[in-house]
Amino acid sequence: MRLRLHHHHDGARVAYREAGTGPPLVLLHSLGLSHREWEPVDTLAERFRVILPDLPLHGDSEDRPRHPYSPEWLTEVLVGFCAEVAGPRPYVAGHDLGAELALRAVVDGSLRPASLVISGTRLHRPVPGSAGRVAWRAVASLGRIPGLDRLLSHGAGAVFRPALGERLSAQRNPAARDLIRHAFADVGGNANRAQAWSKFVRNWPFEPQRDLLDHYPGIDVPVLLLWAQDDPSSPLAAAQQALDLLPNAQLRFLSGTGFLIAYDDPVGVARELIAFCG
């Protein structure tokens, strides 16, 4: 797939790939990864015009520290991208960070997709507070300090090694190693990205988003909650609670899948997306 670029009105670039023809389907990846997270479900291109962006701070997309990288800014960039590249009323599916940004855009009314697929995200709950995640936030915030930015960028590649991909896969899929390798290929020595990530971790709300419980009943687009059975970072209980409040939603979960749901069961993910989005 050929690399393409969308430019937001403030100059921020969003790199993306696309394949297939048909109704537009935008697939949004999770925190720290890239568009390649969705590559195992390549059969979707037989039914849809599949659009795979790298979110800002990820892959080949914007990472200059002059942008705020706040939830509001990231949502605005996503909405602008969908409007210009995918057109009106695309199907939108997101995992983890991608799902959270899409949900924010739907809640504030700036995005109205034909259908919304939410997979493996915290929803209204706090970001899981594992020791590793807490340490990452603390270290990443130091990227704003001159001199430490470049040092931290080199350290990221040493910490996020390809073996992490297999640990994120319930099936221990070895192909997930390449996903991590690609996600961090250009991080080492990139001081700009370290500074931008520092902005992100300082601006992103990691506390519970309880206000979503009030917003769920007002979401009138069809919603599919597509959950992995064995992903401790996204408990099924949160999805079940949201299901009770969303007026037009269904919950499906795939057995034998972990955080990298598309790597653990690409056939199941494609089947659910096709059945839900048509």
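Everything numeric here is computed off the predicted structure, so don't read it as measured data.

Regarding the overall build of the protein
Okay, step 1: A count of helices and strands for the protein gives eleven helices and eight strands.
Okay, step 2: Since a compact globule built from 278 residues should have a radius of gyration of about 19 Å, the 18 Å found for the protein is in line with a globular shape.
Okay, step 3: In the protein, which comprises 278 residues, the proportion classed as buried is 53%.
Okay, step 4: Sequence separation of at least 24 residues holds for 77% of the intrachain contacts in the protein that already meet a minimum separation of 6.

Section: the pairing of strand E5 (residues 91–95)
Okay, step 1: By the criterion of burial, E5 is predominantly enclosed, with five of the five residues buried.
Okay, step 2: Burial along E5 is two-sided: the residues Tyr91, Ala93 and His95 and Val92 and Gly94 are all buried.
Okay, step 3: Bridge analysis of strand E3 (residues 24–28) against E5 gives four bridges, and the strand direction is parallel. Looking at the pairing, Leu25 lines up with Tyr91 of E5.
Okay, step 4: Of the pairings in the sheet, the one linking E5 to strand E6 (residues 115–119) comprises five bridges and is parallel in character.

So, helix H2 (residues 97–107)
Okay, step 1: Summarising burial for H2: nine of the eleven residues are buried, a large majority.
Okay, step 2: Buried within H2 we find Leu97, Gly98, Ala99, Glu100, Leu101, Ala102, Leu103, Ala105 and Val106.
Okay, step 3: Looking at the buried residues of H2, the elements they touch are E3, helix H1 (71–86), E5, E6, helix H7 (191–203) and helix H8 (212–215).
Okay, step 4: After H2 finishes, the residue Gly109 shows a positive phi value of roughly 85°.

Quick look at the sheet that holds E6
Okay, step 1: Taken in spatial order, the eight strands make up an open sheet running E1-E2-E4-E3-E5-E6-E7-E8, and their pairing is mixed. Looking at strand neighbours, the two that pair on one side only are strand E1 (4–7) and strand E8 (249–254), the edges of this open sheet. When strand polarity is set aside, the average angle formed by the axes of neighbouring strands in this sheet is 25°.
Okay, step 2: Contacts from helix H9 (residues 236–245) reach strand E7 (223–228) and E8 within the one sheet, and its direction differs from that of E8 by about 160°.

Quick notes on the rules
Residues numbered from 1 in each chain as written. Predicted model: local features only at pLDDT ≥ 70, side-chain atom pairs only at ≥ 80, totals over all residues. Heavy atoms only, no water. Helix = DSSP H or I, 4+ residues; strand = E, 2+ residues; numbered from the N terminus. Rg over C-alpha atoms; globule rule 2.2 N^0.38 Å. Buried < 20%, exposed > 50% of the residue type's maximum accessible area, 1.4 Å probe, protein only. Contact = heavy atoms within 4.5 Å. Pairing = 2+ DSSP bridges. Axes fitted to C-alpha atoms, helices over the stretch in contact; angles between N-to-C directions.

Worth remembering: the numbers are spatial, not functional.
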